[in-house]
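What follows is the residue order along each chain.
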Amino acid sequence: AQKVTQAQTEISVVEKEDVTLDCVYETRDTTYYLFWYKQPPSGELVFLIRRNSFDEQNEISGRYSWNFQKSTSSFNFTITASQVVDSAVYFCALSEAGGTSYGKLTFGQGTILTVHP
Amino acid sequence: NAGVTQTPKFQVLKTGQSMTLQCAQDMNHEYMSWYRQDPGMGLRLIHYSVGAGITDQGEVPNGYNVSRSTTEDFPLRLLSAAPSQTSVYFCASSRHGGYNEQFFGPGTRLTVL
């Protein structure tokens, strides 16, 4: 069975600090997909990034970057120069490619990030 | 394009009552699913559907029923509400395939007294 663990329940930083959100996953599949979603205080879920298991390239999008390492089963998310608007709950999620797990997302517990001015 | 819509936004039920949470999408997505979000537990999959007429159970299906008669709609029925079903419910849709991002509705906050 697949599992996603976000060990950090809550993180509090001051604006302009860098912050990394950890995500560790377990799966028996060789083909799988990893996602990050953001849930701002308004409550909706916003897709941030997708990565497939064959693509270990890191990705940067503005102040956001993601580090995918298959060797440690981790898919960590870094926010550089954090801003108050980054305050949200962040979820890491895993989807397996085949069989009965097709398309089903397994979420981590979420990390509550608070950025103070 | 409305995306994924859910009604109602809020609902209070008494123990034993039944109700249906509505979900609709206008993106012609094959895959639809229902999740519940509880504090400290992330989102957990209740039921999902890979197309009209096809549904299956997720991680926490007990106490819930679904049906998918059209591509657009995927209602979630609570048969006899219990306080343990107090939660925020999210509906999601995507093109088929685990690679595709899921689009989420705004959520329904349900309280069972």
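Anything mentioned here points back to the structure above.
All values reported here derive from a predicted model rather than from experimental measurement.

Thresholds applied
- Residues numbered from 1 in each chain as written.
- Chains lettered and ligands numbered in written order.
- Predicted model: local features only at pLDDT ≥ 70, side-chain atom pairs only at ≥ 80, totals over all residues.
- Heavy atoms only, no water.
- Helix = DSSP H or I, 4+ residues; strand = E, 2+ residues; numbered from the N terminus.
- Rg over C-alpha atoms; globule rule 2.2 N^0.38 Å.
- Buried < 20%, exposed > 50% of the residue type's maximum accessible area, 1.4 Å probe, protein only.
- Contact = heavy atoms within 4.5 Å.
- Areas by Shrake-Rupley, 256 points an atom, 1.4 Å probe, with all protein chains shown as cover.
- Lys, Arg positive; Asp, Glu negative; His and termini not counted.
- Charge placed at Lys NZ, Arg CZ, Asp CG, Glu CD.
- Salt bridge = Lys/Arg side-chain N within 4 Å of Asp/Glu carboxyl O.
- Polar contact = N/O pair within 3.5 Å; in protein donor to acceptor, adjacent residues only side chain to side chain.
- Buried area = accessible area lost by both parts, 1.4 Å probe.

Chemist: In this structure, what is going on with the overall build of chain A? I would like to understand it.
Modeler: From N to C terminus, chain A includes zero helices and 12 strands. Its helices and strands in sequence order give chain A the pattern β-β-β-β-β-β-β-β-β-β-β-β, from N to C terminus. On C-alpha atoms alone, chain A measures out to a radius of gyration of 14 Å, which is about the 13 Å that the 2.2 N^0.38 rule sets for 117 residues. Seen through its principal axes, chain A has C-alpha atoms that stretch 45 × 30 × 20 Å. Counting the 117 residues in chain A, one finds 48% classified as buried. Put simply, 57% of the contacts in chain A that link residues at least 6 apart link residues at least 24 apart. Accessible surface, chain A: about 5500 Å² in total, of which carbon and sulfur atoms supply 50%. Between the mean site of the 9 positive side-chain charges and the mean site of the 13 negative ones, chain A shows a separation of 5 Å.

Chemist: Hey, could you run me through the overall build of chain B in this one?
Modeler: Looking only at helices and strands, one finds zero helices and 11 strands in chain B. At 13 Å, chain B has a C-alpha radius of gyration in line with the 13 Å of a compact globule built from 113 residues. Projecting the C-alpha coordinates of chain B onto the three principal axes gives extents of approximately 35 × 30 × 25 Å. For chain B, contacts bridging at least 24 residues in sequence account for 54% of all contacts bridging at least 6. If you sum the accessible surface of chain B, you get close to 5200 Å²; carbon and sulfur atoms cover 51% of it.

Chemist: Can you help me understand the pattern of salt bridges in this one?
Modeler: A side chain of one charge can pair with a side chain of the opposite charge when the charged atoms of the two come close. For the coordinates displayed, the defined rule picks out five salt bridges over all chains. The partner of A:Arg51 in a salt bridge is A:Asp55, and the shortest N-O contact between them spans 3.1 Å. By relative accessible area, A:Asp55 is classed as partly exposed at 25%. One salt bridge connects B:Asp38 with B:Arg44, and the closest N-O pair in it is separated by 2.8 Å. One network of salt bridges, with partners in common, ties together A:Arg51, A:Asp55 and A:Glu59.

Chemist: What is the right way to look at the environment of B:Leu79 in this model?
Modeler: Residue and element names in this part refer to chain B. Inspection of the secondary structure puts Leu79 in the loop between strand 8 (76-78) and strand 9 (87-94). Overall, Leu79 belongs to the partly exposed group, its relative accessible area being 46%. When the C-alpha positions of Leu79 and Val60 are compared, they lie 14 Å apart, and in sequence the two are 19 residues distant.

Chemist: I would appreciate a short explanation of the side chain of A:Gln8 in the present structure.
Modeler: All names here are of chain A. Tracing the sequence through the fold places Gln8 in the loop between strand 1 (3-5) and strand 2 (10-14). A polar side-chain atom of Gln8 sits 2.7 Å from the main-chain amide nitrogen of Asp22. Setting aside anything within four residues of it in sequence, one finds Gln8 in contact with Thr20, Leu21, Asp22, Gly110 and Thr111.

Chemist: I'm lost on the interface of chain B and chain A in this one. Help?
Modeler: You'll often see interface size given as the accessible area lost when the parts meet. If you look at the interface, chain B gives 20 residues, while chain A gives 20 residues. Together, the buried faces of chain B and chain A total about 1800 Å²; carbon and sulfur atoms form 58% of this surface. Looking at the side of chain B facing chain A, the largest losses of area belong to B:Gly98, B:Tyr99 and B:Glu101, adding up to 32% of the total buried there. Scanning the region where chain B abuts chain A turns up zero salt bridges. Run the count over chain B and chain A and you get three residue pairs in polar contact (both at pLDDT 80 or more). Within the residue set of the side of chain B that touches chain A, elements represented by two or more residues are strand 4 (31-37) and strand 5 (43-51) of chain B.

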